[in-house]
Amino acid sequence: MIARLAWHETLSFARNPMAAVFTVAMPLLMTVIVGAAVGNQAVQPGSDVRVMQFVIPVMAVFGVAQGCFGALAIRLADLRDRGWLKRLRGTPVPASAVLAGLAGASLAIATVTVAALLAVGVVFYDTQMVWRTLPALLLTLLIGAACFTALGFAAVALVRNAAAVQLLGTGLLLALAFISDVILIGARLPAWLDAVGWVFPLRHLAHAVRDAMNPFLTGAGFHADHLAVLAAWGIGGAALAVWRFRWERAPARTAKAPASITRRPRRQGRPSPVSLLAGQVAHALSGLRRDLSTAFFTIILPVLLLALISLIFTDARVSGVRLPVFMLAAMITYTVGVASYVNIAEATSGDRERGVLKRLAGTPLPRWAYHAGHLTTALLVTIATAMALTLVAALGYGVRIESGMIPWMLAAIVAGASCFTVLAALVVAFASKQQTVNAITLGTFLPLAFVSDVFVIGGELPGALRIIGDVFPLRHVSHTVLAVLDPAGRPWPWTDLAVVTAWTLGGLAVLSVVGTRRRAG
C-alpha cells in the first residue's frame, strides 16, 4: 500500500514541470554551469582527481534537501489546503500509510536526483567513485534524506498556508545554501555567519557527503559528528511534526467588521483611463501581498543576495568594478526579469486558466488596461526594490549614487521591463497551461541569469555560453544598468539598448501576427 501511494505521488511530481525543474533539473543545470565556469582541471599536478570531484557531491546534497524538504513541504501543504489530506484520512487507508507514501515519494525523487548527478559526474567530469566509502556515503545520504523529510513535515505543521510553506521551503533553503558551502563552495565567510552555517544541518550533510567522496582522505568515510547533528535535527523535526501536524488548514482569523461602514458614492459615467489603470495596479499589488513566495523571490531575495555576497567577497572586483557595484546592477536586472517576465507570465496564465480573461472580455474593461496594469505593477515593484538595493549598497558598502544617474536608471528599468513583459506575453500565447508557462519562464530565466552577468559564477564563461548570453536580452539589460552606475569606466551601451529594443519590437510583431491569426480563425 505504501509503495503504491509513493508511486502515485512520484507520478504526480513528474507531471508538475515547475517542481521537476526546481528539484531535479536545477542541480544538474548548476553543475553544468559551474563546471563550464571553473573548469575541470586536476586539483594538483600529477593527480587524476578533478575539481568537479568536490562540486558534484554538494550539488547532490542540494538536490536531496530540495526534494525531501522543499518539494515535500510544498506538496504536503498544497494537499492540506485543497482538502485532499482530510479526505484521504476519511478513507480506509491508514493515516500513517498516507504520510509514509509522501515521504517515500520524496526519497525516490532525491534518489533520482543524486543518481543523475553522479552519472553526469562520472560520464562527463571524470568523477571518481570511492568504493571503500560507498557504505558511508549511502548511509549519510539516507540519514540526510530522513532528516530533511522530518523537517519538511515540521514546516507544514508550523506554518498555516501553502504560500508561506513555499516561502519557507524555497527561500530558507536557498539562503542556507549560500552559507553552507553548497553554492559558494570554499568561500571565507565572516565568523558570525560561519557559526550560523554550522548550526543548521545542510552544511553538515554537505561536508559529510563531500568527505565521503574525497579520494585523498583515508578511512571508511563515516563522520559521527555530522551524522549526530543530522539525527538530532531529524528527531526534533519528527517530534514537532507529531505534536503540531494538522490534516486540514487552520481556519483563518477574521477581523471584526466595524459597526458602520461609510461607502463612497460611485461615480457616474465612463471611468477615465487613469482610474482603470489604477484599479488594475491595486488588484495586482494586492495579489502580490497575498503571495509571500512571489514577494520573497522578487523583493527580499535580491536584497539578501546583494548584502550576503558583498559581505563574503568584500574586496573582490567583477567586470572592472567593485563587487557591491556589480551586485547592485545585477540584482536590479534580476528584479526586472522576475517582476516583468516570470511574475507577469504566471499571473496572466493563471487568470486565463481560471477563466478570468474570458469573463473580462465580456465587461467594458479594455484589454490594454489589464496588461498595462501588470506592466505598471512590475515597474513599481522593480523601482521600490531598486531603492532598497541602493540603500543597502550605499549605506553598507559605500557605493556612490549621484542624482544624475537616477533618470538613466529609470530609463534602463523601463526598457528592460517592457522587453520582458512582451516576452512573457509570448510565452503565455504559445503555452496553454499555467504549469507549462511557469516551467518555461523559470527554466529560461534562471539559466540565462547564470550566463548573463547576473549571478556570479566565479570564473570566465566558455565561448558557447557567452554567445548564448549575448543573444538574449538579459545580459544587455545588466550591462546597461552597470553602465549607468559606472559611467566613467565604460562607454554608453548603445549596442545593448539596441538589442533590448530589437527583442521588444520583434516580440510585439510576433504577438500581432498571432493575434491576427486567432481573430481570423
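Residues numbered from 1 in each chain as written. Predicted model: local features only at pLDDT ≥ 70, side-chain atom pairs only at ≥ 80, totals over all residues. Heavy atoms only, no water.

(A) Here's a closer look at the overall build of the chain. The helix and strand inventory of the chain stands at 20 helices and two strands. Whereas a compact globule of 521 residues would reach a radius of gyration of roughly 24 Å, the chain reaches 25 Å, a difference of no more than 12%. Seen along its three principal axes, the alpha-carbon backbone of the chain occupies a region of about 80 × 65 × 50 Å. When burial is assessed residue by residue, the chain has 48% of its 521 residues classed as buried. Intrachain contacts of the chain at a sequence separation of at least 6 include 79% that bridge at least 24 residues. In the form shown here, the chain has an accessible surface area of approximately 25,400 Å², with 66% of it arising from carbon and sulfur atoms. Charge separation in the chain, taken as the distance between the mean sites of 41 positive and 21 negative side-chain charges, equals 16 Å. (Helix = DSSP H or I, 4+ residues; strand = E, 2+ residues; numbered from the N terminus. Rg over C-alpha atoms; globule rule 2.2 N^0.38 Å. Buried < 20%, exposed > 50% of the residue type's maximum accessible area, 1.4 Å probe, protein only. Contact = heavy atoms within 4.5 Å. Areas by Shrake-Rupley, 256 points an atom, 1.4 Å probe, with all protein chains shown as cover. Lys, Arg positive; Asp, Glu negative; His and termini not counted. Charge placed at Lys NZ, Arg CZ, Asp CG, Glu CD.)

(B) Region of the structure containing the confidence of the model for the chain. Averaged over the chain, the pLDDT score is 83; the fraction of residues at 70 or greater is 91%. The element-level mean pLDDT for the chain is lowest in helix α2 (residues 17-38), coming to 71, with helix α16 (residues 405-430) highest at 93. (pLDDT = per-residue confidence, 0-100.)

(C) Region of interest: unusual backbone geometry. Despite not being glycine, Asp126 shows a phi value in the positive range, around 55°. Following the sequence through the fold, Asp126 ends up in the loop between α5 (95-124) and α6 (134-158). On the basis of relative accessibility, which here comes to 45%, the residue Asp126 falls in the partly exposed class. A positive phi is found at Asp453, a non-glycine position, where the angle reads about 60°.

(D) Structural detail: a nonpolar patch on the surface. A cluster of nonpolar side chains, Ile467, Ile468, Val471 and Phe472, forms an exposed patch at the surface whose accessible area comes to about 330 Å². Within the element layout of this structure, Ile467 appears in helix α18 (residues 463-471). Judged by its relative accessible area of 54%, Ile467 is exposed. (Patch = residues over 30% accessible without salt bridge, like charges linked within 9 Å, V, L, I, M, F, W, Y side chains within 5 Å. Salt bridge = Lys/Arg side-chain N within 4 Å of Asp/Glu carboxyl O.)

(E) Region of interest: the packing of α18 against helix α19 (residues 473-485). Look at α18 against α19: their axes get within 4 Å of each other, and the N-to-C directions meet at 75°. The angle between α18 and α19 places the two elements in the roughly perpendicular class. Side by side, α18 and α19 meet where Leu465, Arg466, Gly469, Asp470 and Val471 of the first sit next to Pro473, Arg475 and His476 of the second. Grouping the constituent residues of the contact of α18 with α19 by class yields three nonpolar, two polar and three charged. (Axes fitted to C-alpha atoms, helices over the stretch in contact; angles between N-to-C directions. Parallel < 35°, antiparallel > 145°, perpendicular 65-115°, else oblique. Nonpolar A, V, L, I, M, F, W, Y, C, P; charged D, E, K, R; others polar.)

(F) Just the pattern of salt bridges, in detail. Tallied over the entire structure, the rule returns four salt bridges. Arg203 is the partner of Asp194 in a salt bridge, and the nearest nitrogen-oxygen pair spans 2.7 Å. Members of the salt-bridge network, linked through shared partners, are Asp453, Asp470 and Arg475.

(G) Structural view of the packing of aromatic side chains. Scanning the model with the defined rule gives eight aromatic pairs in all. Taken together, the aromatic side chains of Tyr334, Phe445, Phe450 and Phe455 make up a single cluster linked through ring pairs. If you follow Arg203 out to its NZ or CZ, it ends over the ring of Trp198, 4.9 Å from the centre. (Phe/Tyr/Trp six-rings, centres within 6.5 Å; stacked < 30°, edge-to-face > 60°. Lys NZ or Arg CZ within 6 Å of the ring centre and 35° of its normal.)

(H) Quick look at the nonpolar core. Core analysis: the largest hydrophobic core is formed by 108 residues, its most contacted members being Leu202, Met331, Tyr334 and Phe455. Here this core gets 17 residues from one element, more than from any other, and that element is helix α13 (residues 323-353). The residues contacting Phe455, other than those within four sequence positions of it, are Leu305, Met331, Tyr334, Leu446, Ala449 and Phe450. Formed by 16 residues, the second largest nonpolar core is a distinct cluster that contains Leu79, Val156, Phe245 and Trp247. (Core = buried A, V, L, I, M, F, W, Y, C linked by side-chain atoms within 4.5 Å.)

(I) Spatial organisation of the packing of α13 against α19. Packing of α13 against α19 brings their axes to within 9 Å, and their N-to-C directions diverge by 135°. Between α13 and α19, the angle is such that the two are oblique. For the pair α13 and α19, the sense of crossing is right-handed. Residues Val325, Phe326, Leu328, Ala329, Ile332 and Thr333 of α13 lie in contact with α19, whose contacting residues are Leu474, Val477, Ser478, Val481, Leu482 and Leu485. Taken together, the residues that form the contact of α13 with α19 break down as 10 nonpolar, two polar and no charged. (Left-handed = near helix turned anticlockwise from the far one by under 90°.)

(J) Inspection of the state of the cysteines at higher detail. The full count for this structure, using the stated rule, is zero disulfides. Counting only cysteine sulfurs, Cys147 is the nearest neighbor of Cys68, a cysteine outside any disulfide, at a range of 9.8 Å. (Disulfide = S-S within 2.5 Å.)

(K) Structural context of the side chain of Thr348. Within the element layout of this structure, Thr348 appears in helix α13. Of note is the side chain of Thr348, whose polar atom sits 2.8 Å from the backbone oxygen of Ile344. Not counting residues up to four positions away in its chain, the partners in contact with Thr348 are Leu357, Tyr370, His374 and Val428. (Polar contact = N/O pair within 3.5 Å; in protein donor to acceptor, adjacent residues only side chain to side chain.)

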